[in-house]
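For reference, the chains in residue letters:
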Amino acid sequence: MEKIWPALEHVDSSSGALGSAVNKTLDALMPILVNASADEKTRDKWLDRLWQAMEDDGVDYLSPVGDHWGELCGSPEVAGRWADELVSTLRSCWSDPNPGGYFHGTTACLSCLLTTGRYAELLDLLELPRYPSWHYRRYGVEALLALGRKAEAVQYAEASRGLNQPDTVIDQTCEQILISSGLYDEAYRRYGLSAAVGNSYIARFRSVAKRYPMKDKLQILSDLIAAAPGEEGKWFATAKELGFYDLALELTNRSPCDPKTLTRAARDYLDAEPAFALGSAVAALRWLSEGWGYEVTSVDVVEAYDRAMDAAVKLNRVDDLTKQIRQLVEASDNAAGRFVREAVQGRLSVSV
């Protein structure tokens, strides 16, 4: 932790990747330090070194260290001494009528007050800032939970919303409080969808389904789709993975869907679900003719056409499909439509 800032001081971190790497590093190191076996004198020396490292840190890489300062103290007694040392400075900073004051030990103080069970003092202190900040008020939520006041904790978290506050994180906190109280229906209704996170649409679905195993999967998916109007096509892959093939095809007609994703689905499901494969391939041709897709070439167009014909052969619908594709490519007279028409023209001529 001491070496992080000197090592990164002159490294460009504008992309955010460096900060993410540091956070992952600290997440791994923090439990080691919290759980390390050390007498009070040794730990006091560690805390002094960490505090100096935080003061030297030019961009707050070590802010997570302050966030867990109460735990790092190793005992309520040590945390209490740190709280006594920091609280007057923080109160003075937050009481200053001139805006802009900053104390780098803010979360360390709040963490120590929480660790030592000084909940009333913590909550009173959090009333001082002019504007609510979730980064600080989350300690107030933890204090109310420790006091067994769950309903107030939800209200307190809700009151923390505002400009530049992390609504999704607040939603997740409130949801977890309600779930811990057994209020699954209310948690789902108020926060279940907005608290869903994931780096893909299927990941978002799975995060909701995992928290609410009693909920029907189709209902969850339908609710997620309804919560994102205009993005129906992006849920195609999720509906496909869950086996809701009719819904998946319906989604491809409600908003744009990546043509390459549709073509892959047509290829992968040709034997198991030929009707679904056919619908996916035709949808791919439709969106290609309307200009959708990234770095599209004539090869992509021809592949979509070939997958559609493969499915049509299995379903004995070659003639119907040929007419449908001809109508599709002739209906669009824009550049994308002409591009698709030229790409499949040779194959259409052969099939006449």
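Please refer to the structure higher up on the page.
A short tour of the structure in this document, coming up. The model shown is predicted, which means the values in this text are computed figures rather than measured ones. (Residues numbered from 1 in each chain as written. Predicted model: local features only at pLDDT ≥ 70, side-chain atom pairs only at ≥ 80, totals over all residues. Heavy atoms only, no water.)

### Focus on the pattern of salt bridges
Between side chains of opposite charge, pairing is possible as soon as their charged atoms come close. Tallied over the full model, the rule gives 20 salt bridges. One salt bridge in this structure joins Asp84 and Arg118, with 3.0 Å as the shortest N-O distance. Of this pair, Asp84 sits in helix H6 (residues 76-95) while Arg118 sits in the loop between helix H7 (106-115) and helix H8 (119-125); the two residues are 34 residues apart in sequence, bridging distant segments of the chain. What makes Asp84 partly exposed here is its relative accessible area of 48%. The exposure class assigned to Arg118 is partly exposed, which follows from its relative accessible area of 22%. Each member of the salt-bridge network shares a partner with another, and the members are Glu158, Arg161, Asp167, Asp171, Glu186 and Arg190. (Salt bridge = Lys/Arg side-chain N within 4 Å of Asp/Glu carboxyl O. Helix = DSSP H or I, 4+ residues; strand = E, 2+ residues; numbered from the N terminus. Buried < 20%, exposed > 50% of the residue type's maximum accessible area, 1.4 Å probe, protein only.)

### Thoughts on the packing of aromatic side chains
With the rule as written, the count across this model stands at 13 aromatic pairs. Ring plane angle 50 degrees and centroid distance 4.9 Å describe the contact between Tyr245 and Phe276, whose orientation is recorded as tilted. Of this pair, Tyr245 sits in helix H16 (residues 245-252) while Phe276 is found in helix H18 (residues 274-289), placing the two residues 31 residues apart along the sequence. Taking the relative accessible area as the measure of exposure, Phe276 reaches 2% and is therefore buried. With centroids separated by 6.3 Å and ring planes inclined at 90 degrees, the aromatic side chains of Trp287 and Trp292 adopt a geometry described as edge-to-face. According to the relative accessible area criterion, Trp287 is buried, its value standing at 4%. Taken together, Phe236, Tyr245, Tyr269 and Phe276 form an aromatic cluster joined through their ring pairs. Seen from the ring of Tyr156, Arg137 lies directly overhead, with NZ or CZ sitting 3.9 Å from the centre. Directly above the ring of Trp287 sits Arg286, whose terminal nitrogen or CZ lies 4.2 Å from the centroid. (Phe/Tyr/Trp six-rings, centres within 6.5 Å; stacked < 30°, edge-to-face > 60°. Lys NZ or Arg CZ within 6 Å of the ring centre and 35° of its normal.)

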